[in-house]
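This is what each chain is made of:
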Amino acid sequence: MAINLKGRSLLTLLDFTTEEIRYLIDTAHDLKSKKRSGIRSNMLEGKNIVLLFDKCSTRTRCAFELSALEEGAHVTFLESKDSQMGKKESLEDTARVLGRFYDGIEYRGYKQEIVESLAKYSGVPVWNGLTDVDHPTQILADLLTIQEHVNKPLKKVKIVFVGDIRNNMSYAWMKGCAKMGMHFVAYGPKELINELDKNTLNQVYEVANYSGARIEFSDNINSLKDADVIYTDVWASMGEEAQIPYKVKILAPYKVTMDLLKSTGNKDVIFMHCLPAFHDFETKLAKEQMELGYDIREVTDEVFRSRHSVVFDEAENRLHTIKAVMVTTL
């Protein structure tokens, strides 16, 4: 069946069928192969794209800007200080104006309702670059990376998300695995399991019922057995620095170490991380917190630099999958 995503927004992977997600991944693989072969195209020539960032980022901004430029589009970058959105102008009015100017809008920030409103009122494709509850472009990059490094179909892959299991990356992975029929385990403290958003869980379970996905939650290390992927994220997201003492206390037992990888029983298990990662003390925040007595490293340097780690392949794939999203929807 032919798939046409022109005019669609990417707000969450829950809005897409399994076949449409596979199409995006396949398109990204094709675009990656062409780039590496030196084949250039101008599939976005004459298009204008605006990037709205309430949260700063390295990979998301660079991937959107470079993807657009490589395909011939023009990009405008706006931080919250550069726009009147939500301050002197309503979100609806801003969306309607940007929709007259631009062919596509990317938003990276906090509330999911903001990216949904941009899509509702702008009349052009809107892409979710990260919100408090989702990160769909990251999951697309991760799925492509798993296809490249795990020699089995996605439906046979078991991924374990370790640590802060109620953050946006964990929720995004639940949705991605549910859609693709994968085995997902959230491995973290029982108190965080109890804090998981019930509405999101209901959505995920509903999708999993027809896709055949397994969605599980555990604080038992035995749940890591036979994992193909160990995934983690920072313990305190942007704006949550005040929670660091509490997070370190409850999440220290869930730091990704070589012993944790060995507990999977899979000598070829891969380690993934959306980045940036605290794996050493070469960052200002890690040094400052360690001086206060808090080791905020969610993964050891040994794991991060080991043969199991595919984090930089994963980071590169942000470029190719985001390009695929823009090309297919514009």
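Before reading on, note that the structure itself is shown above.
Everything numeric here is computed off the predicted structure, so don't read it as measured data.

Reading guide: rules and limits
- Residues numbered from 1 in each chain as written.
- Predicted model: local features only at pLDDT ≥ 70, side-chain atom pairs only at ≥ 80, totals over all residues.
- Heavy atoms only, no water.
- Pairing = 2+ DSSP bridges.
- Helix = DSSP H or I, 4+ residues; strand = E, 2+ residues; numbered from the N terminus.
- Axes fitted to C-alpha atoms, helices over the stretch in contact; angles between N-to-C directions.
- Parallel < 35°, antiparallel > 145°, perpendicular 65-115°, else oblique.
- Left-handed = near helix turned anticlockwise from the far one by under 90°.
- Contact = heavy atoms within 4.5 Å.
- Nonpolar A, V, L, I, M, F, W, Y, C, P; charged D, E, K, R; others polar.
- Phe/Tyr/Trp six-rings, centres within 6.5 Å; stacked < 30°, edge-to-face > 60°.
- Buried < 20%, exposed > 50% of the residue type's maximum accessible area, 1.4 Å probe, protein only.
- Lys NZ or Arg CZ within 6 Å of the ring centre and 35° of its normal.
- 1 Å grid on protein atoms, 1.4 Å probe; cavity = no way out; pocket = protein on both sides within 12 Å on 5 of 7 lines; lining within 4 Å.
- Points joined across faces, edges and corners; volume = space filled by probe spheres on them.

### Here we look at the sheet that holds strand β9 (residues 270-273)
Next up, step 1: Taking strand neighbours across the sheet as the criterion, the five strands line up as β7-β6-β5-β8-β9 in an open arrangement whose pairing is parallel. The open sheet has two edge strands, β7 (214-218) and β9, and neither has a second partner. Along the sheet, successive strands turn relative to each other by an average axial angle of 20°, direction set aside.
Next up, step 2: Taken together, the five bridges between strand β5 (residues 158-162) and strand β6 (residues 183-187) define a ladder with parallel strand orientation. Residue pairing for β6: Val 160 is matched across the bridge by Val 185.

### Some details on the packing of helix α3 (residues 91-101) against helix α4 (residues 112-122)
Next up, step 1: At a minimum axis distance of 8 Å, the contact between α3 and α4 shows a crossing angle of 55°. The orientation of α3 relative to α4 falls into the category oblique. When you trace α3 past α4, the crossing you get is right-handed. When α3 is examined against α4, the residues Leu 91, Glu 92, Ala 95, Arg 96 and Gly 99 are found in contact with a partner set consisting of Ile 114, Ser 117, Leu 118, Tyr 121 and Ser 122.
Next up, step 2: Residues that form the contact of α3 with α4 fall into these classes: five nonpolar, three polar and two charged.

### Some points on the packing of aromatic side chains
Next up, step 1: Taken as a whole, this structure holds seven aromatic pairs when the rule is applied.
Next up, step 2: Each ring, one from Phe 53 and one from Phe 77, has its centre 5.1 Å from the other, and the planes form 55°; the classification is tilted. Linking Phe 53 in strand β1 (residues 48-53) with Phe 77 in strand β2 (residues 74-79), this pair joins segments that are 24 residues apart in sequence.
Next up, step 3: A residue is classified by how much of its surface remains accessible, and Phe 53, at 4% relative accessible area, is buried.
Next up, step 4: Relative to Tyr 254, the ring of Tyr 187 lies with its centre 4.9 Å away and its plane at 65°, an arrangement referred to as edge-to-face. Here Tyr 187 is found in strand β6, whereas its partner Tyr 254 is found in the loop between α9 (244-251) and α10 (258-262), with 67 residues between them in sequence.
Next up, step 5: The class for Tyr 187 is buried, based on a relative accessible area of 5%.
Next up, step 6: Overall, Tyr 254 belongs to the buried group, its relative accessible area being 10%.
Next up, step 7: Each residue in the set Phe 161, Trp 173 and Tyr 231 is aromatic and connected to the rest through ring pairs, giving one cluster.
Next up, step 8: If you follow Arg 8 out to its NZ or CZ, it ends over the ring of Phe 16, 4.4 Å from the centre.
Next up, step 9: Positioned above the aromatic ring of Phe 77, the side-chain terminus of Arg 61 is 3.6 Å from the ring centre.

### A word on the sheet that holds strand β3 (residues 104-108)
Sheets are built from strands that pair by backbone hydrogen bonding, the pairs being arranged parallel or antiparallel.
Next up, step 1: Spatially, four strands are ordered β2-β1-β3-β4 in an open sheet, and the strand pairing comes out parallel. Looking at which strands have only one partner, the edges of the open sheet turn out to be β2 and β4 (126-130). For this sheet, the mean inter-axis angle between neighbouring strands, taken without regard to orientation, is 20°.
Next up, step 2: The pairing of β3 with β4 spans four bridges and is classified as parallel. Directly across from Tyr 107, in β4, lies its bridge partner Asn 128.
Next up, step 3: Packing of α4 onto the sheet brings it into contact with β1, β3 and β4, and relative to β4 it is tilted by some 165°.

### A word on α4
Next up, step 1: Along α4, the positions that sit buried rather than exposed are Gln 112, Ile 114, Val 115, Leu 118, Ala 119 and Ser 122.
Next up, step 2: Buried residues in α4 make contact with β1, α3, β3 and β4.
Next up, step 3: Two residues or fewer past α4, Gly 123 is found with a positive phi of approximately 80°.

### Description of empty space enclosed by the protein
The gaps left among the atoms become clear once a water-sized probe is rolled over them.
Next up, step 1: Applying the stated criterion to the full structure yields two cavities of 30 Å³ or more.
Next up, step 2: Its volume calculated, the largest cavity comes out at about 90 Å³.
Next up, step 3: In this structure, the largest cavity is lined by Leu 31, Lys 34, Lys 35, Ile 39, Arg 40, Ser 41, Glu 70, Glu 71 and Lys 323.
Next up, step 4: A per-element tally of the lining of the largest cavity places helix α1 (residues 18-36) first, with three residues.
Next up, step 5: Looking at side-chain class alone, the lining of the largest cavity contains two nonpolar, one polar and six charged residues.
Next up, step 6: One number sums up the size of the second largest cavity: a volume of about 70 Å³.
Next up, step 7: Lining the second largest cavity are Val 234, Trp 235, Ala 236, Ile 244, Lys 247, Val 248, Phe 278, Leu 285 and Ile 296.
Next up, step 8: Looking at which element gives the most residues to the lining of the second largest cavity, the answer is α9, with three residues.
Next up, step 9: Here the lining of the second largest cavity is built from residues that sort into eight nonpolar, no polar and one charged.

In short, the description is geometric, and any link to function would need to be established separately.
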